[in-house]
Amino acid sequence: MKFILAVLAITCLAQAADEKDDLAHIVTLGTRPYYLVDEMSAGALKEKLEECAKTTTNFVKSDFSIGHRGACMQYPEHTIESYKAAALQGAGIIECDVTFTKDKELICRHAQCDLHTTTDVVLRPELNAKCSVPFSTGVSPKCCASDFTLSEIKSLCGKMDASGSIDGTPEEYVYGGTADWRTDLYQYSCPDIPTHKESIELIKSFDGKFTPELKSADVEMPYEGTYTQEDYAQQMIDEYIEAGVDPTSVWPQSFNTDDVLYWVKNTDFGGQAVALDEKYEATEEEYRAWHKLLKDNGVKIVAPPMWMLVKDDPNAELGMVPSAYADSAKEHGLQVLTWTLERTGPGLDGWYWQSVTDSVENLDPTQIDGHKFALLHVLSEEIGVLGVFSDWPATTTFYANCMGLGLRSETEDDVTAVDARSSAAGRRLKAVGRLVNIAFKLVGY
C-alpha cells in the first residue's frame, strides 16, 4: 500500500513538472493591448492593428519586447513575480538592474540605495537600524544594498516603488504613495528579491534573453579599498559565463561609458554592449561627438530615452518624426534600443513625452492613450530601433507580433523547445529516481 501511494506521488509530481515546463512557452497578453487599439486615432495604423487583434490568436515571444524591471507597471519591480509576468507577456528580453551587497554579492535592484522605497526594510527594526539613514518620524530614510549582507536582503519583501509621508508611521511610509494607475495587489505575498544569478536561471527557464544594467555604486569605489569598478563590471559578466549563457543572448548596459568600453575590450560580451544615454541636455555637437567616440571604440548600440529620438511634426501622419539625435545615431552606424513605454499614467503627460507635446495635445482626449502605438510605429518603422523597454511588455509584444518584429523564428523555437524538454526530462528523471528510492525505503527494500 505504501509503495502504491509513493508511485501515485511520483506521478503527480511528474505531471506538475510537465505543467511548469509548458509555462515557459505560454504568451498571454490580457486585454490592455486591445483597449489601447480602441483608444487610437483613426488611420491606417489603427486599421492594421485592429485587423491583427481580430485575426491573431497565437502570440509568440519577441526580442523587440523588453521587460523593463520585469512588468513593473503592476508588479513590484525586480522581483521574481515581476520577471515571470514579463516572460508570460512575451518579453523576449528581460532586464535585471545589477548592484552589489555589503558582502559583494550581485542582486537585482534599480539603484544601490532604493531599498527604503522598494522593500519593507524600514518595518524591520533590526535592519532599519543598519540603513545609511534609518527611518524615523520626520526623517527621510536611505537604505542601500551595501548596508546589508545578501542573507539579510533575501529576508526582505519586495513592494511597489513608492513611499508615503515621512511624518507618519513606518507602515504608512512603506505602503503609501503608490500611483493611482498602478496597484498594490501583487505585493502582499512578499515578492522575492532575486540575486543576479537567480534572475539568470529564471529567465533561462522561460527561454528568455538578458539585458543586465550595471548600476552606478553609491559607495566610494574601490569598495573597501579593493573592489574596483572593473571588478564589478567583470563580476556581472562572469555570472553569465558560469551559467553557460551565450554572449549573443546578452545585452549588457551601463550609463557609464567606461563600463561599456571595458566589456568591448576585455570580454566576449562586448558585441552587444549598450551605451545608455543620460546626457539629456547635450547639444547636437556634443551627442554627435559621443556617437563618434562610441563608434571609434567598437560600441554598436546606444540607448537614449524615447523622447530623444522623436520630435513633433504636424505634417506627419502620426504627428512625429525622427529627431536629429536619431539621425546622428544612424549616420554613425549605431543601432538603437530605447526606454520606457508604459511608464506614465493616462494622458501621456510628463518626462517621457516631452518632445511630442504638440502631437499629444492635438489628439481627441478619448484617443490619447492609444497614441503609444503611434510612437512605437515611428520608433520601429522610421528609426528602426532594435527593441523597446516597457513597464508592461504585453503592449510591445502585441505590436511586435502584428508587425513581425523580433519574433522568435520557428527554427529557434523548435531548438529551444527541444533543449527545454531535454533539460526538463533530465530534471524529472533525477527527481523520479530520488522518489523511487524513497518508495523502496517505505516498503522495506
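Quick notes on the rules
- Residues numbered from 1 in each chain as written.
- Predicted model: local features only at pLDDT ≥ 70, side-chain atom pairs only at ≥ 80, totals over all residues.
- Heavy atoms only, no water.
- Helix = DSSP H or I, 4+ residues; strand = E, 2+ residues; numbered from the N terminus.
- Buried < 20%, exposed > 50% of the residue type's maximum accessible area, 1.4 Å probe, protein only.
- Contact = heavy atoms within 4.5 Å.
- Areas by Shrake-Rupley, 256 points an atom, 1.4 Å probe, with all protein chains shown as cover.
- Expected span 1.5 Å × (residues − 1).
- Arc of directions from axis to C-beta.
- Disulfide = S-S within 2.5 Å.

Q: Just checking my understanding: could you explain the overall build of the protein chain for this structure?
A: Tallying secondary structure elements over the protein chain gives 17 helices and 13 strands in all. Within the protein chain, the fraction of its 445 residues that count as buried is 52%. In the protein chain, 74% of the contacts between residues at least 6 apart in sequence involve partners at least 24 apart. Carbon and sulfur atoms form 52% of the exposed surface of the protein chain, whose accessible area is close to 19,800 Å².

Q: How do you make sense of helix α3 (residues 44-55) when you look at a structure like this?
A: For α3, with twelve residues, the first-to-last C-alpha span of 17 Å sits near the 16 Å given by 1.5 Å per residue. Residues of α3 that are buried include every one of L45, K46, L49 and C52, and no others. Along the axis of α3, the buried positions cluster into a sector of 125°, meaning they face one direction only. Relative to its buried face, α3 has exposed residues pointing more than 90 degrees away, namely E47 and K54.

Q: I tried to follow unusual backbone geometry on my own but got confused; where do I start?
A: Of the consecutive residues M221 and P222, the connecting peptide bond is found in the cis state with omega at 0°. Along the chain, P222 turns up in the loop between β6 (213-214) and α10 (229-242). With an omega of -5°, the peptide bond running from W339 to T340 counts as cis. Along the chain, T340 falls in strand β12 (residues 335-341). Even without a glycine there, the phi angle at H78 is positive, about 50°. Looking at where H78 falls in the secondary structure, it is placed in the loop between β1 (62-67) and α4 (80-88). Here the phi dihedral of K104 falls at roughly 60°; this positive angle occurs in a residue that is not glycine. Exposure remark for K104: the relative accessible area of 26% places this residue in the partly exposed category.

Q: Would you mind going over α4 with me for this structure?
A: For an α-helix, the turn length of 3.6 residues means that residues three or four places apart are oriented alike. Within α4, the full set of buried residues consists of I80, S82, Y83, A85, A86 and A87. Considering only its buried residues, α4 is in contact with β1, β2 (91-94), β4 (106-108), α9 (196-205) and α16 (393-403). Phi turns positive one or two residues past the end of α4, at G90, with a value near 90°.

Q: Looking at this structure, I do not really get the state of the cysteines. What am I missing?
A: Two cysteines, two sulfur atoms, one covalent bond between them: this is a disulfide. Counting across every chain of the model gives five disulfides. Disulfide partner of C52: C402, at an S-S distance of 2.0 Å. Its S-S torsion of approximately -85° makes the covalent link between C52 and C402 left-handed. Of this pair, C52 sits in helix α3 while C402 sits in helix α16, placing them 350 residues apart in sequence. Considered together, C52 and C402 belong to a single accessibility category, that of buried residues. Once the bonded cysteines of the protein chain are numbered in order along the sequence, the disulfide links fall as 1-10, 2-3, 4-7, 5-6, 8-9.

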